[in-house]
There are 2 protein chains.
Amino acid sequence: MSSEIQVNGHAYRLPAQPTVIVCVDGCEQEYINLAVQAGVAPFFASLVQRGSVLAGDCVVPSFTNPNNLSIVTGAPPSVHGICGNFFYDADADAEVLMNDARYLRAPTVLAAAARAGASVAVVTAKDKLRSLLGHELKGICFSAEKADQATVQDNGIDDVLAKVGKPLPSVYSADLSEFVFAAGVMLMETARPDLMYLSTTDYIQHKHAPGTAGANEFYAMMDRYLQRLDELGALIGVTADHGMNAKTDAAGKANIVFLQQVLDQRFGAGAVRVLLPITDPYVVHHGALGSYATVYVPEGVGRRAVHEAVAALPGIELVLDKQAAAERFELPPDRIGDLVVVSERLTVIGTTPDRHDLSGLDVPLRSHGGLSEQAVPLLFNRKLRDVPQRRLRNFDILRLALNHVA
Amino acid sequence: MSSEIQVNGHAYRLPAQPTVIVCVDGCEQEYINLAVQAGVAPFFASLVQRGSVLAGDCVVPSFTNPNNLSIVTGAPPSVHGICGNFFYDADADAEVLMNDARYLRAPTVLAAAARAGASVAVVTAKDKLRSLLGHELKGICFSAEKADQATVQDNGIDDVLAKVGKPLPSVYSADLSEFVFAAGVMLMETARPDLMYLSTTDYIQHKHAPGTAGANEFYAMMDRYLQRLDELGALIGVTADHGMNAKTDAAGKANIVFLQQVLDQRFGAGAVRVLLPITDPYVVHHGALGSYATVYVPEGVGRRAVHEAVAALPGIELVLDKQAAAERFELPPDRIGDLVVVSERLTVIGTTPDRHDLSGLDVPLRSHGGLSEQAVPLLFNRKLRDVPQRRLRNFDILRLALNHVA
């Protein structure tokens, strides 16, 4: 195979050693720090001496899909097109789900590496990411959620439950992520792919604060699997799609700005449309509440008046118009509204109270989506050289792992 | 005694029942939330039903002295003058410590209440706050740190260790704060002051994250004393001087912008002066590293160039010139530099590496000072009425407790 590929304007060397990129969903850096402090994460602890410990910024909105796609394309959403789970199609007057690969506007490094001859494997926790991450990928690609349904034809592998040696996990569980790691180890022990991408789910991070028992147990589990991958000789890079913060008051009540309700009262019912791109089919653990919203303001409603009304609300950190948001956050302008709204660290944005089912929240809300969840880890079990002296991004990770290992 | 006093432009009713205001140093709201979740804080848990759970913003810089003084004067630093532990006196070319009451520009509600006939008691953890909080106060005022030295003449009470029934605590310990609460209970059981102000130290919060064992133990201790004060019939209001955040990467290494070093390299050694107003005689647990700095730019150095250089640094959230900072944060312009600099949530500002002794940091740095530590609890064991429909501040707490209890 040729030794270098070009994807979305960047050069990537093909892996010289088995390379595993892990996206730990919702991995606020403090989870790792406090697990190390608690003595339950010896692999992570070892990286200071024998590897590289860096940090980078994720894509805003700090949601799962935009960031996973940025990581595998090495590019921001302005290039790959996925800036949330939903956008509003004004012509069709419909909210459109973007979980399908036909909304992807750029090739992935994974598919390009496979095309150039590398063996590639992708394991995701939830199935919602599988078709996007596996777009045009010749290789192994399956989700823990639907591991029982994997076929050689569709997923490049079958009989996954037996091969991993674990039962099908519940979609709302720590087991879903553990299955991803167990499958990764199984693949490294058997097929030994040149390039592997593992993507977990933030079920634990939505429920457990850094350093608490439930979090430390999860990171101890992760540490054991990463240790095993390390022993198998893999180059490992770990980052996150986004961080995670408490979104509550001292009594655990969620701080929610019901933005549609506020704007309905101010500008008339339905005059403007608030869209929450965190909304997806799996909302039990966050009630579709994140720190990012986009607002569609039709002709005839004063855009500046709406902008100022939103910016004046307690709990709102930032309001940008479409162009400013597209520039600052590198978003595709045709898939965001006329305004982009980011709430403060402890606050989330909702539409109206009746449209958020909080009954699934059995612990106080922790969530993401805003600037406050932008800082994420960039960790490697190898020393890097010539690291660019600029703001790093989580979507630099494939370049750092493939081009900058000493 | 007359039923109402006027202090710094606000009216306060004199306490109709024994009233205890507690400033929990470094009390990020999540500490209380997670202690309640862990089941170790039944008093705090009860407040949702029987009391009031609110939140407010503290003063920026989110440091101890400016906020304690704001709480007891009911006014921002632009009124009371205390905007940090140090300011730079350009005429004298000296950094001046502001721990002394002669720097205080406004009377306290505590002193005014005492003058109007209320019996008032103040207990602080560290002695550095005692002279400021006790300014012109006729009543009881002592620190846990120097409880053994309290005399009737100077402190309105003597023999404190015997009365409290505890040995003198170490200044770097959770015991220092426990002594404050134990003294508060002792006073409520004996002198039963009309108005009491208790102010703790953030030794625990600098070392322990919310929800971890060390933090929950501290809040469980606090909860027991507050429960006892509640049983004794006190109206209790709890707030904080500031929140607290991790300031580290995934491996626990502090994220530090050494601002003096950067500006020395850029503009010449000593051309501008970076002052860290968090600096105080007690720096072991934070190494004088917080998320706020002020920069003095002499004539002849381009102020705009310095402003732009600082704003462009990774980890810097906000740079304001003197006037903008004085307006936005309600600070006394004569006691801040030409620029005010706030760093991002996970980053602190230092001067030069050799001027920060980090040897006392036995756990990864947690600190405060910035906008990221501005949200604090406002909790009461009574229902409130007619709460102002605006952004609340921690320094509203005396008005809320004295004027708004249902």
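The rules behind these values
Residues numbered from 1 in each chain as written. Chains lettered and ligands numbered in written order. Predicted model: local features only at pLDDT ≥ 70, side-chain atom pairs only at ≥ 80, totals over all residues. Heavy atoms only, no water. Buried < 20%, exposed > 50% of the residue type's maximum accessible area, 1.4 Å probe, protein only. Helix = DSSP H or I, 4+ residues; strand = E, 2+ residues; numbered from the N terminus. Arc of directions from axis to C-beta. Pairing = 2+ DSSP bridges. Axes fitted to C-alpha atoms, helices over the stretch in contact; angles between N-to-C directions. Contact = heavy atoms within 4.5 Å. Buried area = accessible area lost by both parts, 1.4 Å probe. Salt bridge = Lys/Arg side-chain N within 4 Å of Asp/Glu carboxyl O. Polar contact = N/O pair within 3.5 Å; in protein donor to acceptor, adjacent residues only side chain to side chain. Nonpolar A, V, L, I, M, F, W, Y, C, P; charged D, E, K, R; others polar. Parallel < 35°, antiparallel > 145°, perpendicular 65-115°, else oblique. Left-handed = near helix turned anticlockwise from the far one by under 90°. Phe/Tyr/Trp six-rings, centres within 6.5 Å; stacked < 30°, edge-to-face > 60°. Domains from an automatic or database assignment. Least-squares fit on C-alpha atoms with pLDDT ≥ 70 in both. Core = buried A, V, L, I, M, F, W, Y, C linked by side-chain atoms within 4.5 Å.

- The name that an unreviewed UniProt entry assigns to chain A is Phosphonoacetate hydrolase, with the source organism given as Lysobacter gummosus.

### Looking at helix α2 (residues 42–50) of chain B
Residues and elements named next belong to chain B.
Thought 1: If you check which residues of α2 are buried, you get Phe43, Phe44 and Leu47. Buried residues of α2, seen end-on, are gathered within an arc of 100° and therefore sit on one face of the element. Pointing more than 90 degrees away from the buried face of α2 are the exposed residues Pro42 and Gln49.

### Things to note about the sheet that holds strand β3 (residues 19–23) of chain A
Residue and element names in this part refer to chain A.
Thought 1: The mixed open sheet is built from seven strands, whose spatial order is β4-β19-β10-β3-β9-β7-β8. Strands with a single pairing partner mark the edges of an open sheet, and in this sheet they are β4 (52–57) and β8 (140–143). Recorded for the sheet is a direction-independent mean angle of 15° between the axes of neighbouring strands.
Thought 2: Relative to strand β10 (residues 235–239), β3 runs parallel, the two sharing five bridges. Bridge pairing in β10 links Cys23 to Thr239.
Thought 3: Sheet strands touched by helix α3 (residues 64–73): β3, β9 (195–199) and β10. Its angle to β9, the strand with the most contacts, is close to 170°.
Thought 4: Together, β3, β7 (120–124), β8 and β9 form the strand contacts of helix α9 (residues 174–189), whose direction differs from that of β9 by roughly 165°.

### Points about the interface of chain B and chain A
Thought 1: At the junction of the two partners, chain B supplies 29 residues and chain A supplies 29 residues.
Thought 2: When chain B packs against chain A, close to 2100 Å² is buried across both sides, 55% of that on carbon and sulfur atoms.
Thought 3: For the pair chain B and chain A, the number of links is four salt bridges.
Thought 4: Salt-bridge contacts for Glu30 of chain A lead to Arg366 of chain B; the nearest nitrogen and oxygen are separated by 3.6 Å.
Thought 5: Summed over the shared surface of chain B and chain A, the result is ten residue pairs in polar contact (both at pLDDT 80 or more).
Thought 6: Mapped onto the side of chain B that touches chain A, the elements with two or more residues apiece are α1 (29–37), β11 (245–246) and β19 (375–380) of chain B.
Thought 7: With six residues, α1 of chain B is the largest single contributor of residues to the side of chain B that touches chain A.
Thought 8: For the side of chain B that touches chain A, the residue count by class is 15 nonpolar, nine polar and five charged.

### A closer look at the pairing of strand β2 (residues 10–13) of chain B
Residue and element names in this part refer to chain B.
Thought 1: Here four bridges tie strand β1 (residues 4–7) to β2, and the two strands are oriented antiparallel to one another. By the bridge assignment, Val7 is partnered in β2 with His10.
Thought 2: In sequence, β1 turns back onto β2 through a hairpin of two residues, with Asn8 there showing a positive phi of about 50°.

### Quick notes on the pairing of strand β8 (residues 140–143) of chain B
Residue and element names in this part refer to chain B.
Thought 1: Residues of β8 alternate between two faces, with Ile140 and Phe142 on one and Cys141 and Ser143 on the opposite face, all of them buried.
Thought 2: Across four bridges, strand β7 (residues 120–124) lies against β8 in parallel orientation. Counterpart to Val122 in the pairing with β8 is Cys141.

### Quick notes on the packing of helix α12 (residues 259–267) of chain A against helix α13 (residues 303–311) of chain A
Residue and element names in this part refer to chain A.
Thought 1: Two numbers describe how α12 lies on α13: the axes approach to 11 Å, and their chain directions differ by 130°. For the element pair α12 / α13, the angle class is oblique. Of the two possible hands of crossing, α12 and α13 adopt the one that is right-handed. Contacts between α12 and α13 involve Leu259, Leu263, Arg266 and Phe267 from the first element and Ala305, Val306, Ala309 and Val310 from the second.
Thought 2: The residue inventory of the contact of α12 with α13, partitioned by class, reads seven nonpolar, no polar and one charged.

### Some remarks on the packing of helix α9 (residues 174–189) of chain B against helix α11 (residues 213–231) of chain B
In a packed pair of helices, the relevant descriptors are the angle between the two axes and the axis-to-axis distance.
Residues and elements named next belong to chain B.
Thought 1: Here α9 crosses α11 at 5°, and the two axes come no closer than 9 Å. It follows that α9 is roughly parallel to α11 by the angle criterion. Facing Ala174, Ser177, Glu178, Phe181, Ala182, Gly184, Val185, Met188 and Glu189 of α9, the residues of α11 in contact are Phe218, Met221, Met222, Tyr225, Leu226, Arg228 and Leu229.
Thought 2: In terms of residue class, the contact of α9 with α11 is made up of eleven nonpolar, two polar and three charged.

### Examining the packing of aromatic side chains
All names here are of chain B.
Thought 1: Evaluated as defined, the whole model comprises 14 aromatic pairs over all chains.
Thought 2: Ring centres of Tyr31 and Tyr219 lie 5.4 Å apart, and the angle between their planes is 10°; this geometry places the pair in the stacked category. On the criterion of sequence distance, the pair formed by Tyr31 in helix α1 and Tyr219 in helix α11 is long-range, its members being 188 residues apart. With respect to burial, Tyr31 and Tyr219 carry one shared label: buried.
Thought 3: With 5.8 Å between their ring centres and 85° between their planes, Phe63 and Tyr292 make a pair best called edge-to-face. With Phe63 in the loop between β4 (52–57) and α3 (64–73) and Tyr292 in strand β14 (residues 292–296), the pair connects residues that are 229 residues apart, well separated along the chain.

### Re the domain arrangement of chain A
Residue and element names in this part refer to chain A.
Thought 1: Parsing chain A into structural domains produces domain 1 (4–244 + 371–403) and domain 2 (255–367).
Thought 2: Using C-alpha coordinates to define each centre, domain 1 is positioned 27 Å away from domain 2.
Thought 3: Counting from both sides, the interface comprises 40 residues of domain 1 and, opposite them, 34 residues of domain 2.
Thought 4: Across the domain 1 to domain 2 interface the summed buried area is about 3300 Å²; carbon plus sulfur atoms make up 57%.
Thought 5: The largest contributions to the domain 1 side of the interface with domain 2 come from Phe63, His206 and Leu371, which together make up 20% of the buried area.
Thought 6: Between the two partners, domain 1 and domain 2, sit five salt bridges.
Thought 7: Joining domain 1 to domain 2, the criterion identifies 14 residue pairs in polar contact (both at pLDDT 80 or more).
Thought 8: The set of elements that each furnish at least two residues to the side of domain 1 that touches domain 2 consists of α4 (77–80), β5 (86–89) and α10 (203–207).

### Describing the sheet that holds β7 of chain B
Residue and element names in this part refer to chain B.
Thought 1: Taken in spatial order, the seven strands of this open sheet run β4-β19-β10-β3-β9-β7-β8, and their pairing is mixed. Single-partner strands in this sheet number two, and they are β4 and β8. Mean inter-strand twist for the sheet, computed between neighbouring axes without regard to direction, equals 15°.
Thought 2: Where α1 meets the sheet, it contacts β4 and β19, and its direction lies at approximately 55° from that of β19.

### Quick look at the pattern of salt bridges
Residues and elements named next belong to chain A.
Thought 1: Counted according to the given criterion, the structure contains 44 salt bridges over all chains.
Thought 2: In this structure, Glu95 and Arg273 form a salt bridge, with 2.9 Å as the shortest nitrogen-oxygen distance. With Glu95 in strand β6 (residues 94–97) and Arg273 in strand β13 (residues 273–275), this pair connects stretches of sequence that are 178 residues apart.
Thought 3: On the basis of relative accessibility, which here comes to 36%, the residue Glu95 falls in the partly exposed class.
Thought 4: Through salt bridges with shared partners, a single network forms among Asp93, Glu95 and Arg273.

### Looking at the relation of the copies chain B and chain A
Thought 1: It takes a turn of 180° to lay chain B on chain A, together with a shift of 0.0 Å along the axis; the resulting RMSD is 0.0 Å. Both copies of the chain, as the preceding transformation shows, are related through a two-fold rotation axis. Of the C-alpha atoms belonging to chain B, the one lying closest to the rotation axis is found on Thr212 of chain B, 2.7 Å away.
Thought 2: Interface overlap between copies is the fraction of interface residues in one copy that are interface residues in the other; for chain B against chain A it reaches 100%, indicating a shared surface.

### Some points on helix α12 (residues 259–267) of chain B
In an α-helix, one turn spans 3.6 residues, which is why side chains three or four residues apart end up on the same side.
Residues and elements named next belong to chain B.
Thought 1: Along α12, the residues classified as buried are Leu259, Gln260 and Leu263. Buried residues along α12 cover an arc of 95° about the axis, so they all sit on one side.
Thought 2: Elements in contact with the buried residues of α12: β12 (255–258), β13 (273–275), β14, α13 (303–311), β16 (339–343) and β17 (347–350).
Thought 3: Looking at the residues trailing α12, positive phi occurs at Gly268, about 105°.

### A few points about the nonpolar core
Thought 1: If you look at the biggest cluster of nonpolar residues, it comprises 80 residues, and the most contacted ones within it are Ile5, Tyr197, Leu259, Val295, Val306, Phe329 and Val341 of chain B.
Thought 2: Each of two domains, domain 1 (4–244 + 369–403) and domain 2 (255–367) of chain B, supplies a minimum of three residues to this core.
Thought 3: Discounting residues that sit within four places of it in the chain, Tyr197 of chain B has contacts with Ile21, Cys23, Asn68, Ile71, Val72, Leu110, Ala121, Val122, Val123 and Leu133 of chain B.
Thought 4: Counting 78 residues, the second largest nonpolar core, distinct from the first, contains Val72, Ala114, Val306 and Ala326 of chain A.

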